Every structure is written in structure tokens, then in C-alpha cells.
Amino acid sequence: MIERLRDAADAGALARRVAAAPAPSPFAEELLAFTSELSSVILNDRRSRPLPEVVALGYWLRPASMRTLADRFAGLNSSHAVRVPAGLALHIPPANVDPIFVYSWILSLLCGNGNIVRTPARRGSVAELLMTQISQVLPHYPRIAGSTAFVEYGHEDAITEALSSEARMRIIWGGDETIRHIRALPLPPRAKEVVFADRFSFAVIHAAAFLALDDHAAMELMDKLYLDVFLFHQMACSSVRLLAWCGTSEETRKAAGRAIPLLRQVIERRRFSLEAADALAKYAACLSLAVELPVARVEWGDGSLAVVDLKDGEPLHWPTEPLAGGGLLLQAHVAELASLAPMVNLRTQTLSQFGFEAEQLAEFLRMLNGRGIDRIVPLGSAMNFAPIWDGYDLLCEFTRLATIG
Amino acid sequence: MSELLDLPIYGLTQREKERTLLPALAELTLHHRAACPMYGRMLDALGSGDAFSSLEDLPFLPVTLFKRHRLASVPDEEVFKVLTSSGTTGQAVSRIYLDRETANLQANALAKIMSAMLGPARLPMILVDAASILRDRSIFSARAAGIRGMMTFGRSHFFALAEDMSLDIDGLKQFLAANAGRRVLLFGFTFMVWKHFAPAVEAAGVRLNDAILVHSGGWKKLTDESVDNVTFKRRIGEMTGISSIRDFYGLAEQVGSVFVEGDDGLLHPPAFAEVVIRDPVSLAPLPAGKVGVAQVISVLPRSYPGHSLLTEDLAVVHSVDGAGTGYGGKAFSVLGRVPKSELRGCSDTYAAGRGL
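Because the structure is predicted, anything quoted here is derived from the model rather than measured.

Q: It is not clear to me how the overall build of chain B should be interpreted in this structure. Could you clarify?
A: The helix and strand inventory of chain B stands at 11 helices and 15 strands. Each of the 356 residues in chain B was classed as buried or not, and the buried ones make up 45%. Taking all contacts inside chain B whose residues are at least 6 apart in sequence as the whole, residues at least 24 apart take part in 69%.

Next up, the structure:
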């Protein structure tokens, strides 16, 4: 299923082959049948069950969800403009979030493009499982199979260049270093690049609303926080790095005091485990943060979750060094949403929230005036992929508009 | 402090060690907390108090922090030299700020340890390295500092390797002829001895029958070749004739405070140092027999807060106050580095594959 590319000649031949293969038109029945079958295979596979990110992909591929997407796509067309495929896409997925390569591929496929998908260099077990599941379904759809190639190769620029030579679109899923590097490799004059740079995300919980929850609901909410923090080892752009409690000083302290022990219970129940090297990096990061930020306390606990509690009333900002993942949660206490503004910048992607009214959140976004935050989601949904990502509507990015009249 | 250097170097029982070291280390912790503001902030964040009930109770800094922060407990004008660890190109290096007092303590401590092992007389000495390593005085790399430090314990020094790491066979033969009938001391980095020295000595047919080899520098490359200490000693013996071989373990961040291999083949903390094995995730102390990360404790570092450091090395304590061994305290071995992390941020898609 995965084609191993040895050199530029290999890559060039593959690119020409895929470019010449006819792909199904946008949202063709054939495509919807394929996504539906892939969804069933993923959701019925018992190996998927312990993997929330795989189950989420399976759900996203269900017919109902794909129909919604198809409807939205139809809405992007008009009597004066038809959305047509952009053309052959080259996908460079990230190393840290395995399922991205599937989302990127499927969306481009649904937009009617042929696709060359570079599989993650060091495929984790999740990517391997997804490839197995895809290979069960893909052979039943010859036109999709023919216009898709999954490839693997080292970091040979000559191969990336040869693949790019036939591409109309190059999609790079971060991070900054990768983008800088690959952007320097030539693309055909009419081709474009869609890039997803390094981002950071955080969460905010209305302390009083959390304190009003009964024990069961409070535990459920902490399970959602777990997903936002711990999935992908907290290394995704959408991973929650900082949790802000919003309310009076008394409320936020009380809420944090109730929440963190519950979160630790969830971690234990979900059997989160950490490698020694990651734990040591996390410990060093905690102490470094104590130098850089106004840290009140580092709560190491059993090592699975390190809470770095920030002092009340001190101005917030992101640390300058990239944050270690693997369960390092900065915790802030703020009086109102507006107090979070100083830590929002162009690198801020997702805000996971609980307990706020839509209007409060809209007001916050208006106040930021485009300085950051691409999406605000309910707590527990930070990792849910959406076809509008980092401010791009991928259905638009992966197509062109042909106008009439 | 200097009284601690005069204690029987391996003679203290664990209980005696706790009793003598704890007050000194508690005082050092307070000193650094007051003198190094960054260290103070770290201890505040950890919620560390000022009283400690045992050595395991002392706060510990990960060694990697010396790469990220300027951690010094003396004003700039008292810094006598800055020791850097030999990082590979592009990697951050540790910077250790030494004043005269700490540098002297380190030298004295190392002298105590080495004379306990080598005896009072200075032996003719072979350095398994190139003399050129000492020429660049602009930086004090850990390798050069290690060589320089060890040279004090021998005389009539001979550097056995040329700059291209080939063996100076003629020079070696001359050195051995000039010192015929005398015991010879060799010092070198474990990997250099294994890779560049012993095979060339064997090929040249030279035998070093009355010699003691002291080596250090870590087992990473040898572990990659599945060579453990027992195999190392056997093969080096076969190739060179050297029968007395001693490994030692020490960090560039704690120069002078080294753990030397005893007659039992295990490493022993000297009277002024200690090792604690910790669970690599919970960081809780582990009992003897359990493998974990090594925390190294030393009374020497006064000019920088390096008296209690969490290493990235896996180690295990085999016994405490082992009966009949002649050693008090802990006997341990180092098993190598903690395996590298597989965790990748978004920023590493490209870098991930490139480095490997």
C-alpha cells in the first residue's frame, strides 16, 4: 500500500502516474460510498476502540457527517461560480499527530483531487493501524486507489522536489522548521501551498460554573479536559498547555482544588503512561518555567500530570521556549476572560472552554480583534478535526472557483 | 567542608554518611538558595523547605538546566573559569561557573579519590588521547579538563594517540622501554580505549603487563555495540595485557566528585558524595535492586547550585554497607542513558527524520 521511494526518478514517475489518473469529481457518490465503508471498518475494528483519535476519525467519516460536508460544499457553489478541483495535491503530514494525514487526504479527495500522501516518517501504532484499515477498503474503489499514492522516503529534498513537480497544491502540516525547509523547494508556477505553522492552545473554565456541577458531571468534565490535554501526548497544536480558571480568587482556588484530584483519577483510569526521557524533560521544563514565569507552585504528583500553578494577579504571557508535552499543565487564575488577552498571539490556535455564554466568547474575540485564536470549542473537543482549520476553509483551499457570466 | 574530605573515603556506613553529609548539604542548599536567585525560584516553586530529614529529601536539579540557564552562586568577578560540557555541534552545552574555592575543592577531592586507588606515588602515565586536545585553552571542554585533571596523578606523560586517533606505536614502545620494570598508569575515555587504543596495541603486538587503566566517559557507544563492563575488561585484557582496569563515573557538572569502580566491580560514592536512584517518572527514591535514574549529590559545588543533580543515566544500587566488601555505603552500577524521547512537537516533522 505504501510505496517506498528510492530516488527522484522513482518519485517523478509516481507523480506523473498519479497526475494522469482520473479522480472522481467533488463529492461523487463513489467518494461517499468509500468514506462510509472506511468509517465502518474503523468503527468495527476492536483495535480502534482504545484510541479516541481513531474513533473520532471513524465518526467524522460517517455518512451523516459527510452529507453535512457535501451540503456545505454545495453552498460554496452558485449559479455564477463552480467549485472545481485544484488538482494534484502533495500532502506532508506532521510527525506528532498521526490521523492528520487521513483528514488531509480525505478532504482533498472529496474536493476531487488526486493525492500523493507522504506517510509520517516515524509512523506510530495509530498511523500503522489507519494504513491497515485504509488498505482494506481502498482496493474496492479503483478510481480512488488509482488517483491516490501513499509514499514514504527519508528527508531527501530531491524526492520532495520530484513529487512537487507535478503538484498543483502542496499541503504542509507544520511545523515552522518544516515549512521553512520545504517552502524553499520549487513548485510549478501555477501551484500553491497551504501551510499549518506551529500553534499553541489553552483552555478556560468558568470556576463558578464548574463548582455548580455535581460530582458526576465534574468528573465527566475532567475526562474531557483529559482528552484536550493528553491526547497526542500533549504535542498537538490544539493540545491544551494552559488551563485558566475564571472567577474570584476564592472561586478559582476552590475549583482548581476540586478539579486536579479528579483529573488525576482520570489519568489513572485511562492508564496514561510516560517514558522516562519525557518525564525528565518535563521535570526540567517545570523548573525552567519557575525561572521564566511567576510560578507559585509546581505540583509534580506521581509524574503523570505536572501542574505549574501561576501566581494570581501577575501578567500572563507564554513562555519563550517551546513547552514540553506529556502532561505539563500551566494553571492560571483570572478574574475575567479579558485578563487572558495578553497571552493570546498569532500562535494561539484553540481555546477550549466550559461555562461561558456565546456572547461572552464573541466579545472576547472582538476584543482580540484578530490577534489570535482561530477556534473556540467546548472543553473536550480541542482534538476534533474540523474542515475549517487554522482559519482556512479547506473545502475552499483545495478547490478553485470557475466563474460563469 | 574540608573536614569531609578527610573522612575515611569509603569507610563510612550509610547511617554515618547521612549524619555527616546531611548538615553540610542542607547548608549548601540554603547558601545556593540565597546566592542564586534562579535556584531560589525553582526551590520556591517546588515548595522546598529549609530543613531536610534525609539526603533523599534534598531538592535536585536536572543537569540539563545548566544548558539553559546561567546558574551561578558567585558574582561574575569571582568566576575563575567556566567549564563547558562537550556537546556535539549545534547542541547546547552546560556552563559550570567555578570560583577558586570550588575549583580547589574539586582538585583536592579528586586527589583523595585517586590516591586511594593508585597509592601515594605518581606513576609514569600514558594518556589515551592526542596531546592536541590540551592546546586549545580558550575553552575548557570537559574532555580536556578530564585529561588535565588526571595528568596530576601521573608523571612522565605520554600521549598515545596522534591527532587522527592512530596509535603512536614507536612512541609507546619507547615509553615502555624507558619505564621498564615500573608500574604504568593509563587514563583515557572508555570509547577511545576501546576503539582507538586497544586494537592498535594488539595489532602492534605490544603488551602492558604491569599497568592500571583508569577510564571514564560513559558507556553509550559501547552499549550500542553490546559491550558491558565485564566484556570490556576481558577484551581489553586480552588485547593489551592490562589486568587492572577501573571505570569511573562522574559528571562534568560535578567535577571532582567521581564514583570509582572498586575491587567488586561496582561503583562507590566517596565520603563527600552520594547517589540516590529515583523512579524516572514519579521521581520517588527507589530501594536497592530497582533500576532508575541516578541523582548525584556532592558537597563540592559552592560556586554553582550543582550539589544535588538529577542525571539522565539509569543506574541501580546493588547493596548498602555490603558485608565483607570493605566498602561502606552504596555500591551501584550505571546502565547507560535513559532511552531518547520519541515525542515530537509540530515543529519537528522535518527535524525528526533528519537527525537519524
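Q: Looking at this model, I keep getting lost on the overall build of chain A. Mind explaining?
A: Across its full length, chain A holds 15 helices and 17 strands. Taken over C-alpha atoms, the radius of gyration comes to 22 Å for chain A, in line with the 22 Å a tight globule of 405 residues would show. Each principal axis of the C-alpha distribution contributes one length, and for chain A these read about 65 × 50 × 40 Å. Among the 405 residues that make up chain A, the fraction classed as buried is 48%. Across chain A, every contact between residues at least 6 apart in sequence was considered, and the portion connecting residues at least 24 apart equals 75%.

Q: Explanation requested: the pairing of strand β12 (residues 328–334) of chain A in the structure shown.
A: Consecutive side chains along a regular strand alternate between the two faces of the sheet. Residues and elements named next belong to chain A. The buried fraction of β12 amounts to 7 of the 7 residues, a majority that puts the element mostly inside the structure. Two elements, strand β9 (residues 240–246) and β12, share 5 bridges in a ladder whose sense is parallel. If you follow A244 over to β12, its bridge partner there is A332. Note: strand β11 (residues 306–310) against β12, 4 bridges, orientation parallel. What sits directly across from V307, in β12, is L329.

Q: Even after reading the chapter, I still don't get unusual backbone geometry, so can you show me in this structure?
A: Leave glycine aside and you will find that most residues have negative phi; peptide bonds, for their part, are mostly trans. Residue and element names in this part refer to chain A. Positive phi values are uncommon outside glycine, yet N369 reaches one of about 55 degrees. Following the sequence through the fold, N369 ends up in the loop between α14 (358–368) and β14 (375–378). For N369, a count of 8 C-beta atoms within 10 Å puts it in the exposed group. Residue I373 is not a glycine yet carries a positive backbone phi of 65 degrees.

Q: Mind showing me how you'd approach helix α2 (residues 14–35) of chain B here?
A: In an α-helix, one turn spans 3.6 residues, which is why side chains three or four residues apart end up on the same side. Residues and elements named next belong to chain B. Taking 1.5 Å of rise per residue, 22 residues should cover 32 Å, and α2 covers 30 Å from first to last C-alpha, within 8% of that figure. Its maximal kink placed at L21, α2 deviates by approximately 35 degrees, while the proline P23 follows within four residues. Against α3 (37–46), β12 (273–278) and β13 (292–298) lie the buried residues of α2.

Q: Explain the nonpolar core here, please?
A: Nonpolar side chains in soluble globular proteins tend to be buried together. One finds I205(A), A244(A), C286(A), V128(B) and A160(B) to be the most contacted residues of the largest nonpolar core, which totals 226 residues. Top element by residues in this core is helix α13 (residues 276–292) of chain A. It accounts for 11 residues. Those residues in contact with I205(A) that sit more than four places away from it in its chain are F210(A), L243(A), W245(A), C246(A), A255(A), F354(A), G355(A) and L379(A).

Q: What's the story with the domain arrangement of chain A in this structure? I'm lost.
A: How big an interface is tends to be stated in terms of accessible area lost as the parts join. Residues and elements named next belong to chain A. The domains assigned to chain A are domain 1 (2–197 + 390–403) and domain 2 (200–378). The gap between the C-alpha centroids of domain 1 and domain 2 is 32 Å. Contacts between domain 1 and domain 2 engage 7 residues on the former and 8 residues on the latter. Each residue belonging to the side of domain 1 that touches domain 2 can be placed in one class, and the counts come to 2 nonpolar, 3 polar and 2 charged.

Q: Mind showing me how you'd approach the sheet that holds β11(A) here?
A: Strands pair in a sheet through their backbones, by hydrogen bonds, and they do so in one of two ways: parallel or antiparallel. Residue and element names in this part refer to chain A. Read from one edge to the other, the open sheet built from 7 strands follows the order β10-β11-β12-β9-β8-β13-β14, with strand pairing classed as mixed. The outermost strands of the open sheet, each flanked by one partner alone, are β10 (295–299) and β14. The mean angle between the axes of side-by-side strands here comes to 25 degrees, regardless of whether they run parallel or antiparallel. Against the sheet, helix α12 (residues 249–269) engages β8 (200–206), β9, β11 and β12, with an angle of about 155 degrees to β12.

Quick notes on the rules
Residues numbered from 1 in each chain as written. Chains lettered and ligands numbered in written order. Predicted model: local features only at pLDDT ≥ 70, side-chain atom pairs only at ≥ 80, totals over all residues. Helix = DSSP H or I, 4+ residues; strand = E, 2+ residues; numbered from the N terminus. Buried ≥ 20, exposed ≤ 12 C-beta atoms within 10 Å, placed from the backbone. Contact = placed C-beta atoms within 7 Å. Rg over C-alpha atoms; globule rule 2.2 N^0.38 Å. Pairing = 2+ DSSP bridges. Expected span 1.5 Å × (residues − 1). Bend = angle between axes of the 7 residues up to and from the residue. Core = buried A, V, L, I, M, F, W, Y, C linked by C-beta atoms within 7 Å. Domains from an automatic or database assignment. Nonpolar A, V, L, I, M, F, W, Y, C, P; charged D, E, K, R; others polar. Axes fitted to C-alpha atoms, helices over the stretch in contact; angles between N-to-C directions.

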